[in-house]
Amino acid sequence: MKIAVCVKQVPEAGSARRIDPQTKRLDRSGEAALNAFDVNAVEEALRLKEAQGDAEVVILSMGPAGALDALRKALAMGADRAVLVSDEAAAGSDVVATSRALAEALRREGPDLVLLGQQSSDSDGAVLWAAVAERLRLPMVSQASALTVADGKATVKRQTEFGYDRIEAPLPAVVAVSDAINEPRYPSLKGIMGAKSKPQETLSLAELGVVAEDVGEAGSKTEVLALGSPPPRGDSRKIEDDGSGAQQILDFLVEKKLI
């Protein structure tokens, strides 16, 4: 069994987000890390591998050459190898363009199961898994809080606002996991050291048969037209509670004819 996990390198949690005024894209020049939701997907793939006994976990991503640093965390956790799609022509890709490149990389791998994190912390789009599944014409389940694989099908406990759904999908399938599905393991020192020697492949768009016009800004269907600062805040009044705070709030609401 082969399990592919699509992951993304994102700005490290806690770092300030800045939009480059020239490119109108997120500035990614600072510290980066593996997207937190994707770490849950990696952990779930490793648990499935341990349960199956005979499985391979392949980490797949698209990004700059430096994204391999984030992929190595997944390798340190226990994944078998990593594949990075890296090409200057892919810069500025939106979900539509990114899904095209990832889908071709997945076709090349031919996995039995594709896992993704529910969303990324930089854009919070939460739709890439749907776009990838559509391009591959595979069944897809999102918001997975539990996952089992047996008898050629994936069984997913899907979290909803009303409770849980139990969904079965024939393999191959695409599953997006929530952060409720597991508690990711920490890479061991042995795993960290061993990650450097695991297979790490970098592919260009040409090697996937993807033309430059289908990715990057040319292949994207969304465009940022302008950037602007938020409007200034209106007049405000600060109320110091000296024991009459409630009355002051009431007087303010009456003054504004809100009550």
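For every chain, the first residue of its written sequence is number 1, and the numbers climb from 1 along that sequence. Under the rules for a predicted model, residues below a pLDDT of 70 receive no local features and side-chain atom pairs below 80 are neither given nor counted, while totals for whole chains, interfaces and linings still include all residues. In computing side-chain properties, one takes all heavy atoms of the structure into account and sets aside hydrogens as well as water.

Visitor: Describe in detail the pairing of strand β4 (residues 56-62), supporting the description with residues and values.
Guide: Summarising burial for β4: six of the seven residues are buried, a large majority. Bridge analysis of strand β1 (residues 2-6) against β4 gives five bridges, and the strand direction is parallel. Its bridge partner being in β4, Ala-4 is matched across the sheet by Val-58. You can see the chain leave β4, run along helix α2 (residues 68-77) and come back into strand β5 (residues 81-85), and the turn it takes is right-handed. Here the term buried applies to any residue with accessible area under 20% of the maximum for its type, exposed to any over 50%, and partly exposed to those in between, with areas from a 1.4 Å probe on protein chains only. Only DSSP runs of H or I with at least four residues qualify as helices, and only runs of E with at least two residues qualify as strands; both kinds are numbered from the N terminus onward. Any two strands with at least two DSSP bridges between them are considered paired. Handedness of a crossover: with both strands directed away from the viewer, a clockwise path from the first strand across the helix to the second marks it as right-handed.

Visitor: Describe the side chain of Asn-182, listing the residues and the values that go with them.
Guide: Position of Asn-182 among the secondary structure elements: in the loop between β10 (173-177) and α5 (189-195). Owing to a relative accessible area of 8%, Asn-182 belongs among the buried residues under this scheme. We call two residues contacting when some pair of their heavy atoms lies within 4.5 Å. Once residues lying within four places of it in the same chain are set aside, the contact partners of Asn-182 are Asn-40, Glu-43, Glu-44 and Arg-47.

Visitor: Which residues make up the nonpolar core, and what values go with them?
Guide: Within this scheme, the nonpolar core is defined by two criteria: the residues are buried Ala, Val, Leu, Ile, Met, Phe, Trp, Tyr or Cys, and they are joined through side-chain atoms within 4.5 Å. Within the largest apolar cluster, 37 residues are counted, with the highest numbers of intra-cluster contacts made by Val-5, Val-42, Ile-59, Leu-113, Leu-115 and Leu-147. Tallying contributions element by element places α2 first for this core, with seven residues. Aside from chain neighbours lying at most four places away, what touches Leu-115 is Ile-3, Ala-4, Val-5, Cys-6, Ala-41, Glu-44, Ala-45, Leu-48, Leu-147 and Val-175. Ranked by size, the runner-up nonpolar core spans 27 residues in total, among them Leu-102, Ala-103, Leu-203 and Val-215.

Visitor: Quick rundown of the sheet that holds β10? Include the residues and the values.
Guide: Strand order across the open sheet formed by nine strands is β9-β8-β7-β10-β6-β1-β4-β5-β11, with mixed pairing between neighbours. Both outer strands of the open sheet, β9 (163-170) and β11 (200-203), are each paired with one neighbouring strand and no more. Here the average twist between neighbouring strands, direction ignored, is 30°. Lines are fitted to the C-alpha atoms to define the axes, a helix being fitted only along its stretch in contact, and any angle between axes, read from their N-to-C directions, falls within 0 to 180 degrees. In the packing of helix α1 (residues 36-52) onto the sheet, the strands contacted are β1, β4, β6 (113-117), β7 (140-150) and β10, and the crossing angle to β6 comes to about 150°. Strands in contact with helix α4 (residues 128-136) are β6, β7 and β10; relative to β7, the strand with the most contacts, it is inclined by about 65°.

Visitor: Hey, could you go over unusual backbone geometry for me, with residue numbers and the actual values?
Guide: Here the bond from Leu-171 into Pro-172 is cis, since omega is 0°, no more than 30 degrees from zero. Along the chain, the position of Pro-172 falls in the loop between β9 and β10. One non-glycine residue with positive phi stands out, namely Arg-137, at about 60°. Take Arg-137: it is sitting in the loop between α4 and β7. Classification of Arg-137 by relative accessible area gives exposed; the value is 63%. Even without being glycine, Asp-151 reaches a positive phi, approximately 55°. Mapped onto the elements of the fold, Asp-151 is located in the loop between β7 and β8 (153-160). Take Asp-151: its relative accessible area is 78%, and that puts it in the exposed class.

Visitor: Outline α1, listing residues and values.
Guide: Working rule for helices: expected span equals 1.5 Å times residues minus one. With 17 residues, α1 ought to run about 24 Å at 1.5 Å a step, and its terminal C-alpha atoms sit 25 Å apart, in line with that. Burial in α1 covers these residues: Phe-37, Asp-38, Val-39, Asn-40, Ala-41, Val-42, Glu-43, Glu-44, Ala-45, Leu-46 and Leu-48. Looking one or two residues past α1, Gly-53 carries a phi angle of roughly 85°, positive in sign.

Visitor: So what about the pattern of salt bridges? Which residues, and what values?
Guide: Think of a salt bridge as a Lys or Arg side-chain nitrogen and an Asp or Glu carboxyl oxygen that are within 4 Å of each other. Taken as a whole and judged by the stated rule, the model has 15 salt bridges. Between Arg-185 and Glu-50 there is a salt bridge; the shortest N-O distance is 2.9 Å. With Arg-185 in the loop between β10 and α5 and Glu-50 in helix α1, this residue pair connects regions lying 135 residues apart in the sequence. Under the relative-accessibility criterion, Arg-185 is labelled partly exposed at 27%. Note that Arg-72 and Asp-69 form a salt bridge whose closest N and O atoms lie 2.6 Å from each other. A residue pair is termed a helical-turn pair when its members lie 3 or 4 positions apart in one helix, as Arg-72 and Asp-69 do in helix α2 at three residues. Accessibility expressed as a relative area gives 29% for Arg-72, which makes it partly exposed.

Visitor: Before we move on, could you go through the pairing of β9 and cite the residues and values that matter?
Guide: Pairing analysis gives eight bridges linking β8 to β9, with the strands arranged antiparallel. Each residue of the ladder has a partner; that of Gln-159, found in β9, is Tyr-164. Taking the residues between adjacent antiparallel strands as the criterion, β8 and β9 are bridged by two residues.

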